[in-house]
Amino acid sequence: MIVAAPGSSSRLHGPAAELTGGLFPGLAVNHPRSLWHRAAGDTLVLCRGFDIPRLVSTGVVDIGITGYDTCVEWSFASGAGLVLRALPAARTSFVTYCTVTGRDVRTIYTEYPALTRAWLAARADAGQPRVVPLRGSTEGVIRADPHGAGVLLVTSGETMAANGLDHDVPLLATDVCLATRAGASPAPGLIDVESLPLLELPSFGRDAVPRQRERLRGVGGGA
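Residues numbered from 1 in each chain as written. Predicted model: local features only at pLDDT ≥ 70, side-chain atom pairs only at ≥ 80, totals over all residues. Heavy atoms only, no water.

A look at the nonpolar core
Argument step 1. Ranked by internal contacts, the top residues of the largest apolar core, which has 34 residues, are Phe 76, Leu 115 and Phe 204.
Argument step 2. Sorting the residues of this core by element identifies helix H2 (52–57), helix H3 (68–78), strand E6 (93–99), helix H4 (113–121), strand E9 (148–154), strand E10 (167–174) and strand E11 (176–180) as the ones contributing at least two each.
Argument step 3. Those residues in contact with Phe 204, other than ones at most four positions away along the chain, are Phe 76, Leu 115, Ala 118, Trp 119, Ala 122, Leu 171 and Leu 172.
Argument step 4. Residues Ala 5, Leu 46, Leu 178 and Leu 196 belong to the second largest nonpolar core, which totals 14 residues. (Core = buried A, V, L, I, M, F, W, Y, C linked by side-chain atoms within 4.5 Å. Buried < 20%, exposed > 50% of the residue type's maximum accessible area, 1.4 Å probe, protein only. Helix = DSSP H or I, 4+ residues; strand = E, 2+ residues; numbered from the N terminus. Contact = heavy atoms within 4.5 Å.)

In structure tokens form, the structure reads like this:
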């Protein structure tokens, strides 16, 4: 079995390392630049968290451990969902819409363009703002644009508040989760996949992945 987890540059490396460290003994003493590890015939690959859903979907790895937000964004963007399962809570954050109260919002800056478009499509009052993809640290850009808003990953909210963003709407809660390919049954190994509870996609975007519900039914999930 091949397991992919976020590398050391990822915000989820710590929580993922806590989960995988007990499964791959000696992980902490390996060379700091080593990105793969073996234990009891299984392999751990460290990579970018955003790449993990694609690696799982294409069958390059059997199991991915990454953020629920990352899996949702990939599923909405590709139209091909994964089977997502909950892991013990580690670092809960929120994907949040934020702006300055009273603004006429015309542009939304975000690292979640597909998720943002799905959320906008589900809102009758959303209008048609332009969605501009950016890779994080966008609070300053949002504040500088008098017609700007953002969909951001927020943990403490301190950065958002420090940049004068005083209107926020949480879209979804996110934490580390486990992803497998639809229709695949990973061989028994270090992780008992079947014992973990299933996670659905957010209700506002399920139409973006029309096969997701059938996949969940096929593995005993929700309706």
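Remarks on the side chain of Glu 111
Argument step 1. In this structure, Glu 111 sits in the loop between strand E7 (107–110) and H4.
Argument step 2. Buried and unpaired, Glu 111 has Arg 135 as its nearest opposite-charge partner, separated by 4.6 Å.
Argument step 3. When sequence neighbours within four positions are dropped, the list of residues in contact with Glu 111 reads Phe 50, Glu 73, Leu 134, Arg 135, Gly 136, Val 151 and Leu 153. (Lys, Arg positive; Asp, Glu negative; His and termini not counted. Salt bridge = Lys/Arg side-chain N within 4 Å of Asp/Glu carboxyl O.)

Considering the packing of aromatic side chains
Argument step 1. Across all of its chains, the model carries 2 aromatic pairs by this definition.
Argument step 2. Between Phe 76 and Phe 204, the aromatic rings sit 6.3 Å apart at their centres with planes inclined by 70°, giving edge-to-face as the arrangement. With Phe 76 in helix H3 and Phe 204 in the loop between strand E12 (198–199) and helix H7 (212–218), this residue pair connects regions lying 128 residues apart in the sequence. Both residues of the pair, Phe 76 and Phe 204, belong to the buried class.
Argument step 3. Over the face of the ring belonging to Phe 50 we find Arg 135, whose NZ or CZ atom lies 4.5 Å from the ring centre. (Phe/Tyr/Trp six-rings, centres within 6.5 Å; stacked < 30°, edge-to-face > 60°. Lys NZ or Arg CZ within 6 Å of the ring centre and 35° of its normal.)

Some details on the pattern of salt bridges
Argument step 1. Tallied over the entire structure, the rule returns 4 salt bridges.
Argument step 2. Across the pair Arg 106 and Asp 104 runs a salt bridge, and its minimum N-O distance is 3.1 Å.

Overview of the environment of Ala 17
Argument step 1. With respect to the element layout, Ala 17 can be found in helix H1 (residues 13–21).
Argument step 2. Note: C-alpha distance between Ala 17 and Pro 6 (11 residues apart in sequence) is 8.4 Å.

Considerations on H3
Argument step 1. Across the 11 residues that make up H3, a large majority, 9, are buried.
Argument step 2. Of the positions making up H3, those classed as buried are Tyr 68, Asp 69, Thr 70, Cys 71, Val 72, Glu 73, Trp 74, Ser 75 and Phe 76.
Argument step 3. Looking one or two places after H3, you find Gly 79, whose phi comes out positive at around 75°.

Some points on the confidence of the model for the protein
Argument step 1. Scored by pLDDT, the protein comes out at a mean of 84, with 85% of its residues at no less than 70.
Argument step 2. Averaged over each element, pLDDT in the protein is lowest for H7 (49) and highest for E7 (98).
Argument step 3. When the criterion is pLDDT under 50, residues 219–223 qualifies, and its contacts beyond four places in sequence or with other chains add up to 13 contacts. (pLDDT = per-residue confidence, 0-100.)

Section: the packing of H3 against H4
Argument step 1. Where H3 contacts H4, the axes come no closer than 7 Å and their chain directions differ by 70°. In terms of axis orientation, H3 runs roughly perpendicular to H4. Across the interface between the two elements, Val 72, Glu 73, Phe 76 and Ala 77 of H3 pack against Pro 113, Ala 114, Leu 115 and Ala 118 of H4. (Axes fitted to C-alpha atoms, helices over the stretch in contact; angles between N-to-C directions. Parallel < 35°, antiparallel > 145°, perpendicular 65-115°, else oblique.)

Some words on the sheet that holds strand E5 (residues 83–86)
Argument step 1. Ordered by their spatial adjacency, 7 strands build an open sheet running E2-E3-E1-E4-E11-E5-E12, and the pairing between neighbours is mixed. Edge strands, defined here as strands with exactly one partner in the open sheet, are strand E2 (36–39) and E12.
Argument step 2. When E5 meets E12, the two strands line up antiparallel, connected through 2 bridges. From the neighbouring strand, Leu 84 faces E12, where its bridge partner is Leu 199.
Argument step 3. Sheet strands in contact with H3 are strand E4 (63–67), E5, E11 and E12, and its direction is about 105° off that of E4. (Pairing = 2+ DSSP bridges.)

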